[in-house]
Amino acid sequence: MAALDIVRIPVLSDNYVWLVHDPESSTTMVVDPAVADPVLAAAAERGWTITDIWNTHWHPDHTGGNAAIKEAAKEWGGCTITGPAAEYARIPTLDVQVKGGDRVRLGNHVADVWDVPAHTAGHIAYHFAEDAAIFVGDTMFAMGCGRLFEGTAEQMFANMQKLGTLDDATRVYCAHEYTLSNARFAVTVEPDNEALAARLAAVEAARAAGEATVPTSIGEERATNPFLRAPDAAELGRIRALKDAA
Ligand code: ZN
Ligand code: FE
């Protein structure tokens, strides 16, 4: 099985849209298109045609490009939009509704759908186990986690625990460049964590040079993410509230 080709497209102020191409089947999928034009351009530049859109949750900065990409895709046979069944009413462009335990395919690459409610009530993630990659939307960020808009600290704690079962090498594709802000907060939670201090310095240098800092990996997060490292839901809730107020 040929490796997936995964392209990061920065859009809006801090969103990342992920373009995922399977060379064997010539299928190309977009995770969470906030907007359409830069995504269509990135695909066209590579000679790819978008066949699928996968949404992680209903927020407009993850679904705003759905309709326009679908319209453009009529030119090459259309594209299928897959997303969370629990948020169907809020994503009117959905063609296929999925939930935790379902499997979705991109060519021969299979992704397991995970239910990861908390940021939104129906938030899902897509885990390509054989590719060691997971698309988490706004559930986990580098050294951070999503805000608890429609769920609880208990739910987010469960999500972090489940992500923590993955191998260190698993790449985590999140939807925002929040890394520097998260790192600066994380060092206040874990002032004695040397791996975290080193990562903050590396991230400061990368951002100063205009470089992106994601994807991250489960191994890096296991060492430096205070939300993944929180011992219980109460502690996760406590630091999430502190970060919200920061
Ligand atoms: Zn969101
Ligand atoms: Fe978002």
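In what follows, the structure referred to is the one given above.
In this report, we go over the structure that sits alongside the text. If you're wondering where the values come from, they're calculated on a predicted model, not measured in any experiment. (Residues numbered from 1 in each chain as written. Chains lettered and ligands numbered in written order. Predicted model: local features only at pLDDT ≥ 70, side-chain atom pairs only at ≥ 80, totals over all residues. Heavy atoms only, no water.)

### Thoughts on the state of the cysteines
- Evaluated as defined, the whole model comprises 0 disulfides.
- Residue Cys 145 stays outside any disulfide, its sulfur separated by 12 Å from that of Cys 174, the closest cysteine.
- Accessibility expressed as a relative area gives 4% for Cys 145, which makes it buried. (Disulfide = S-S within 2.5 Å. Buried < 20%, exposed > 50% of the residue type's maximum accessible area, 1.4 Å probe, protein only.)

### Things to note about the coordination of the iron ion (ligand 2)
- Protein-derived coordination of the iron ion (ligand 2) comes from Asp 61 (OD), His 62 (NE2), Asp 138 (OD) and His 176 (NE2), at a distance range of 2.0 to 2.4 Å.
- A separation of 3.2 Å is found between the iron ion (ligand 2) and the zinc ion (ligand 1), both of which receive a donor from Asp 138. Within this pair, whereas His 62 is found in helix α2 (residues 60-63), its partner His 176 is found in the loop between β13 (171-174) and α5 (179-189), the two being separated by 114 residues in sequence. With respect to burial, His 62 and His 176 carry one shared label: buried. (Donors = N, O, S within 2.8 Å, 3.2 Å for Na, K, Ca; no water. Helix = DSSP H or I, 4+ residues; strand = E, 2+ residues; numbered from the N terminus.)

### Overview of the coordination of the zinc ion (ligand 1)
- Note on the zinc ion (ligand 1): its protein donors are His 57 (NE2), His 59 (ND1), His 119 (NE2) and Asp 138 (OD). The metal-donor distances range over 2.2 to 2.3 Å.
- Of note is the zinc ion (ligand 1), whose 4 donor atoms meet at the metal with angles of 88 to 170° in an arrangement that counts as irregular.
- Every donor residue of the zinc ion (ligand 1) comes from the same chain, spaced as H-x1-H-x59-H-x18-D.
- Judged by relative accessible area, His 59 falls into the buried class, the value being 11%. (Tetrahedral: all angles 85-135°; square planar, octahedral: opposite > 155°, others 65-115°.)

### Focus: unusual backbone geometry
- Cis rather than trans, the peptide bond between Val 214 and Pro 215 has omega equal to 10°.
- A positive phi angle, near 50°, is found at Leu 12, a position not held by glycine.
- Structurally, Leu 12 is set in the loop between β1 (5-11) and β2 (15-22).
- Residues other than glycine seldom take positive phi values, yet Met 143 does so here, at roughly 65°.
- When you line up the elements, Met 143 lands in the loop between β11 (140-141) and β12 (144-145).

### Considering the layout of surface pockets
- Computed from the structure, the largest pocket encloses a volume of approximately 270 Å³.
- Looking at the largest pocket, it is lined by 17 residues, and the ones nearest its centre are Phe 141, Cys 145, Arg 147, Tyr 178 and Arg 240.
- If you list the elements that add at least two residues to the lining of the largest pocket, you get α5 and α9 (233-245).
- Among the elements that make up the lining of the largest pocket, the one with the highest residue count is α9 (3 residues).
- In terms of residue class, the lining of the largest pocket is built from 5 nonpolar, 6 polar and 6 charged. (1 Å grid on protein atoms, 1.4 Å probe; cavity = no way out; pocket = protein on both sides within 12 Å on 5 of 7 lines; lining within 4 Å. Points joined across faces, edges and corners; volume = space filled by probe spheres on them. Nonpolar A, V, L, I, M, F, W, Y, C, P; charged D, E, K, R; others polar.)

### Looking at the sheet that holds β13
- Here 6 strands make up an open sheet; going across it, the order is β7-β8-β9-β10-β13-β14 and the pairing mixed. Each having just a single partner strand, β7 (103-106) and β14 (216-217) make up the two edges of the open sheet.
- Of the strand pairs in this sheet, strand β10 (residues 133-137) and β13 are connected by 4 bridges, and their pairing is parallel. Within β13, the residue paired with Ile 134 across the bridge is Val 172. (Pairing = 2+ DSSP bridges.)

### A closer look at the packing of aromatic side chains
- Evaluation of the coordinates by the stated rule reveals 8 aromatic pairs.
- Taking the centre distance of 4.9 Å and the plane angle of 35° together, the rings of Trp 54 and Tyr 126 count as tilted. One end of the pair, Trp 54, is in strand β4 (residues 52-54); the other, Tyr 126, is in strand β9 (residues 124-128), with 72 residues separating them in the sequence. Here the two residues Trp 54 and Tyr 126 agree in accessibility, since each one is buried.
- Geometrically, the ring pair formed by Phe 185 and Phe 227 is stacked, given 6.3 Å between the ring centres and 25° between the ring planes. On the criterion of sequence distance, the pair formed by Phe 185 in helix α5 and Phe 227 in helix α8 (residues 226-229) is long-range, its members being 42 residues apart. In this pair, the class of Phe 185 matches that of Phe 227, namely buried.
- Members of the aromatic cluster, joined through ring pairs, are Tyr 16, Trp 18, Trp 54, Tyr 126, Phe 128, Phe 135 and Tyr 173. (Phe/Tyr/Trp six-rings, centres within 6.5 Å; stacked < 30°, edge-to-face > 60°.)

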